[in-house]
Structure formats: structure tokens, C-alpha cells
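Notes for the structure review
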Amino acid sequence: MAADNRPLSPHLQIYRPQLTSVLSILHRLTGVFLAVGLLALVYWLSALSQGPESYLDATLVMGSLPGKLLLLGWALSFFFHLLNGIRHLFWDAGKGFELSQVYSSGWMVILGAVVLTVVTWFAISGGAS
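First things first, this report covers the structure right here in the doc. Source: prediction; values computed, not measured. (Residues numbered from 1 in each chain as written. Predicted model: local features only at pLDDT ≥ 70, side-chain atom pairs only at ≥ 80, totals over all residues. Heavy atoms only, no water.)

Focus on the side chain of His27
To keep it simple, the criterion reads: To qualify as a helix, a DSSP run of H or I must reach at least 4 residues; to qualify as a strand, a run of E must reach at least 2; elements of each kind are numbered from the N terminus. N or O atoms closer than or at 3.5 Å make up a polar contact, with two conditions inside protein: a donor-capable atom paired with an acceptor-capable one, and, for residues adjacent in sequence, both atoms drawn from side chains. Here, residues are in contact when the closest pair of their heavy atoms is within 4.5 Å.
Residue position: His27 is located in helix 1 (residues 19–49). Side-chain polar atoms of His27 contact the side chain of Asn84, separated by 3.1 Å. In this view, His27 contacts Phe80, His81, Asn84 and Gly85; residues no more than four positions away in its chain are not counted.

Rendered as C-alpha cells:
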């Protein structure tokens, strides 16, 4: 076979990630992380149905530092995935395709996810306590 002289795509070592590509990858990763988080929900519901002792054990696991970090990560993933999904719905309607709109909506998704996570975490934790 003769060698093709067609240009090749840039290698990952050369390619500079852009906000759009990073958000696309994060959208997929947060979806996977949320699916894995369903196992934690099933664990919690199972413990709830098995009585006070099992529920106490689950509460201790979820209340530990690793458990709280995972819950915080799931909250951030949820809000990011939700807001980015709404952004995609606007795109499906044919709106927001200008480059400036794509970047501003991307930054709004990031900021919104962080703000909603902090507000939710603050509300759940009982405020300043």
C-alpha cells in the first residue's frame, strides 16, 4: 500500500485542551461518577430498611471524612451534570452556538455548580454549626 500524505490529527502531547473539550469530558466523567454514586444510595437505603443498627453504621460511614468527601464530590458532580445538561438542551434548540456564548455558558456552568454545591452543603450541614 502506498503511504498517504494526508495530515494527521495532533497528538495529545501537542494538543492544548480547550474549555469546550474539558467540559465535554467532565460531563461524561460526572455521569459515570453519579452512576457509581447510586451504589452509595442503595447502600444507604438498604441500611435504612435493615434497622437502626445498620442505619447507624451507614451514617458513620457517610459521616466519616472519606464519606463526606465522596458526598461533596457527588453533589458537585450532580450540579455540574445538571447545569451542563441544561446547556445542551439550549444547544439542541439551536441557541448559544456563538463562540463567546459557548465560553460564557461554560464558565456559568462551572460557577453555578460550585455555588449550588456550597449552598446545598451549607444548608444540609445546618448553617454555621
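Read on for the rest.
Let's talk about the packing of aromatic side chains
For clarity, the threshold we go by: When the centres of two rings from Phe, Tyr and Trp lie within 6.5 Å, Trp using its six-membered ring, the rings pair. Their planes under 30 degrees apart give stacked, over 60 give edge-to-face, and anything left gives tilted. Note on classification: 1.4 Å probe, protein chains only; a residue is buried when its accessible area is under 20% of the maximum for its type, exposed when over 50%, partly exposed between these limits.
A complete count under the given rule lists four aromatic pairs for this structure. Ring centres of Phe78 and Phe79 lie 5.2 Å apart, and the angle between their planes is 70°; on these two criteria the pair is classed as edge-to-face. Judged by its relative accessible area of 13%, Phe79 is buried. Taken together, a centroid distance of 6.1 Å and an interplanar angle of 25° make the contact between Trp91 and Phe97 stacked.

What to know about a nonpolar patch on the surface
Condition: Patch membership requires over 30% relative accessible area and the absence of a salt bridge. Like charges are linked within 9 Å, and nonpolar side chains (Val, Leu, Ile, Met, Phe, Trp, Tyr) within 5 Å. Accessible surface area values rest on a Shrake-Rupley calculation with a 1.4 Å probe, where residue burial reflects the displayed protein chains alone. One side-chain nitrogen of Lys or Arg within 4 Å of one carboxyl oxygen of Asp or Glu is enough to make a salt bridge.
Together, Leu38, Leu41, Tyr43, Trp44, Leu45, Leu48, Tyr55 and Val61 give the surface a local cluster of nonpolar side chains, amounting to about 700 Å² of exposed area. Every element with two or more residues in the nonpolar patch is listed here: helix 1 and helix 2 (52–63). Per-element tally for the nonpolar patch: the top contributor is helix 1, with six residues. With respect to the helices and strands, the residue Trp44 is situated in helix 1.

Regarding the nonpolar core
Buried together is how nonpolar side chains tend to be arranged in soluble globular proteins. In plain terms, the rule: Put simply, a nonpolar core is a bunch of buried Ala, Val, Leu, Ile, Met, Phe, Trp, Tyr and Cys residues held in one set by side-chain atoms that sit within 4.5 Å of each other.
Among the nonpolar cores identified, the biggest contains six residues, and these are Leu19, Leu23, Phe79, Phe80, Val109 and Ala113. Of all the elements in the fold, those that place two or more residues in this core are helix 1, helix 3 (65–92) and helix 4 (99–124). For Phe80, the contacting residues outside a window of four places in its chain are Leu23, Leu26, His27, Thr30, Val109 and Ala113.

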